[in-house]
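Okay, here's what each chain looks like letter by letter:
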Amino acid sequence: MAGIPAHIKAIAELSPVEDLLLAVLREGLPGIRVKSLIDQHETFPLVLIRRDPSFGAWDGDTRFTDSARVVINCFAADPNGDEDAAILSEAVRVVLRDAWLKHHVVPGRGHITRVDMNSSPRRASDWATATGPVQYADLPTGVWRYESVYDIRIRKPRTRPFPLST
């Protein structure tokens, strides 16, 4: 199967926001699964990142910034799943804040230029209460989910993430 040609990749200026956040949170939360899709038979604890389709802005900024609303779900299982999911949500907030304030650059992905919490972490018992894209119809018994929403701005890498020519 052929991939996207290098000359097409060279046109892209920004990496997907999810890819940058996956790298930042995986580095900042060692030992925790951080993903953008749920496996059929998932294990917990888990941090799930999804870009919310209801918000995004590119305003022609010559610095090539991107704005996105990102929904982050944190899952943890009993015996202390409720408390653990709440603590994991707070850890996510701290990792994102620190990556922003310390200008942490992810090679080939860029860096976060602003993080604003749009909706603080809250317990959500089922997907009917979700604000962003979801996959589970119902949570497995004994698994707790905390959902938070962030508005994030990212800047492209200093060099293009893809080669300009083959």
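Reading the values: the criteria
- Residues numbered from 1 in each chain as written.
- Predicted model: local features only at pLDDT ≥ 70, side-chain atom pairs only at ≥ 80, totals over all residues.
- Heavy atoms only, no water.
- Helix = DSSP H or I, 4+ residues; strand = E, 2+ residues; numbered from the N terminus.
- Buried < 20%, exposed > 50% of the residue type's maximum accessible area, 1.4 Å probe, protein only.
- Areas by Shrake-Rupley, 256 points an atom, 1.4 Å probe, with all protein chains shown as cover.
- Axes fitted to C-alpha atoms, helices over the stretch in contact; angles between N-to-C directions.
- Parallel < 35°, antiparallel > 145°, perpendicular 65-115°, else oblique.
- Left-handed = near helix turned anticlockwise from the far one by under 90°.
- Contact = heavy atoms within 4.5 Å.
- Nonpolar A, V, L, I, M, F, W, Y, C, P; charged D, E, K, R; others polar.
- pLDDT = per-residue confidence, 0-100.

*Asks:* It is not clear to me how the overall build of the protein chain should be interpreted in this structure. Could you clarify?
*Replies:* Counting its regular elements, the protein chain contains three helices and six strands. Traced from its N-terminal end to its C-terminal end, the protein chain shows the element sequence α-α-β-β-β-α-β-β-β. Burial status across the protein chain gives 38% buried among its 166 residues. Counting only carbon and sulfur atoms, one obtains 55% of the accessible surface of the protein chain, whose full area is about 9100 Å².

*Asks:* Explanation requested: the packing of helix α2 (residues 17–28) against helix α3 (residues 81–101) in the structure shown.
*Replies:* Helix-helix packing: each pair is described by the crossing angle between the helix axes and the interaxial distance. Where α2 meets α3, the closest approach of the two axes is 10 Å, and the angle between their N-to-C directions is 115 degrees. Classified by the angle between their axes, α2 and α3 sit roughly perpendicular to one another. Taken as a pair, α2 and α3 cross one another with a handedness that is right-handed. Listed contacts from α3 to Leu21, Val24, Leu25 and Gly28 of α2 are Val92, Val95, Leu96 and Ala99. When its residues are assigned to classes, the contact of α2 with α3 shows seven nonpolar, one polar and no charged.

*Asks:* What exactly am I supposed to notice about the confidence of the model for the protein chain here?
*Replies:* When pLDDT drops low, the exact placement of atoms in the prediction is not to be read closely. Residues with a pLDDT of 70 or more make up 78% of the protein chain, whose mean pLDDT is 84. pLDDT under 50 marks residues 161–166. Its contacts with residues more than four places away, or in other chains, come to ten contacts.

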